[in-house]
Each structure stands twice: as structure tokens, then as C-alpha cells.
Amino acid sequence: MNEKTIFGLQVASLALIWILVILIGIWVANLLRLSYELPDVPSATFGISIIAVPVFVTIASILTYVFIGLQKGKEKE
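Residues numbered from 1 in each chain as written. Predicted model: local features only at pLDDT ≥ 70, side-chain atom pairs only at ≥ 80, totals over all residues. Heavy atoms only, no water.

Trainee: Can you tell me about the side chain of Ser 35, naming the residues and giving the values?
Mentor: Mapped onto the elements, Ser 35 comes out in helix H1 (residues 3–37). Among the polar contacts listed, one links the side chain of Ser 35 to the backbone oxygen of Leu 32, at a separation of 2.7 Å. Among all residues touching Ser 35, those that are not within four sequence positions of it are Asp 40 and Pro 42. (Helix = DSSP H or I, 4+ residues; strand = E, 2+ residues; numbered from the N terminus. Polar contact = N/O pair within 3.5 Å; in protein donor to acceptor, adjacent residues only side chain to side chain. Contact = heavy atoms within 4.5 Å.)

Rendered as C-alpha cells:
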């Protein structure tokens, strides 16, 4: 495969990861909004959001850091 094609696929996968993180954040915010609108206790939604959102953000951040580090290392060669 061409180097530009591989780079494009890597950037696309990185963008998809961040889109997933943003969509999960929107979904959790919508669940919190719905729990306030409906007569429901939002404790489960808070519990899920306290754990899930930082985990996804951390994973996406680590993958971004590794991708940028690999690109910097490639330029030095």
C-alpha cells in the first residue's frame, strides 16, 4: 500500500475515535437531561457517565498521543 493511503487511514481512524467520544458525551448528556425531565432518579446515569466518559476520553487521548509521537519519530528518520 502507498504511504499516503496508510496515513489517510490512520487519520480517518483517529477522527472516528474522537467522533465516537463526542457522540458518547452527547448521548450521556441526553440521558441526564431525560432523567431530569422524567420523574426518574439520575443516579445510574451519573454513575455511568462518571466512569464511561473519562475512560473514552483517556483512550482517545492516548491513541492521539501515540499517533503524533509516531509521526514525529517518522520525520526524524
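Trainee: Give me the lowdown on a nonpolar patch on the surface, citing residues and values where you can.
Mentor: Taken together, Tyr 36, Phe 46, Ile 50, Ile 51, Val 55, Ile 59 and Leu 63 make up a surface patch of nonpolar side chains, about 690 Å² in accessible area. In terms of residues, the nonpolar patch owes the most to one element, helix H2 (residues 43–76), which gives 6 residues. Structurally, the position occupied by Ile 51 is in helix H2. (Patch = residues over 30% accessible without salt bridge, like charges linked within 9 Å, V, L, I, M, F, W, Y side chains within 5 Å. Areas by Shrake-Rupley, 256 points an atom, 1.4 Å probe, with all protein chains shown as cover. Salt bridge = Lys/Arg side-chain N within 4 Å of Asp/Glu carboxyl O.)

Trainee: So what's going on with the pattern of salt bridges? Residues and values would help.
Mentor: In the structure shown here, the tally under the stated rule is 1 salt bridge. Where Arg 33 meets Glu 37, a salt bridge forms, and the shortest distance between an N and an O atom there is 2.8 Å. Taken together, the residues Arg 33 and Glu 37, both in helix H1 and 4 residues apart, mark about one turn of the helix. Note on Arg 33: relative accessible area 43%, which makes it partly exposed. (Buried < 20%, exposed > 50% of the residue type's maximum accessible area, 1.4 Å probe, protein only.)

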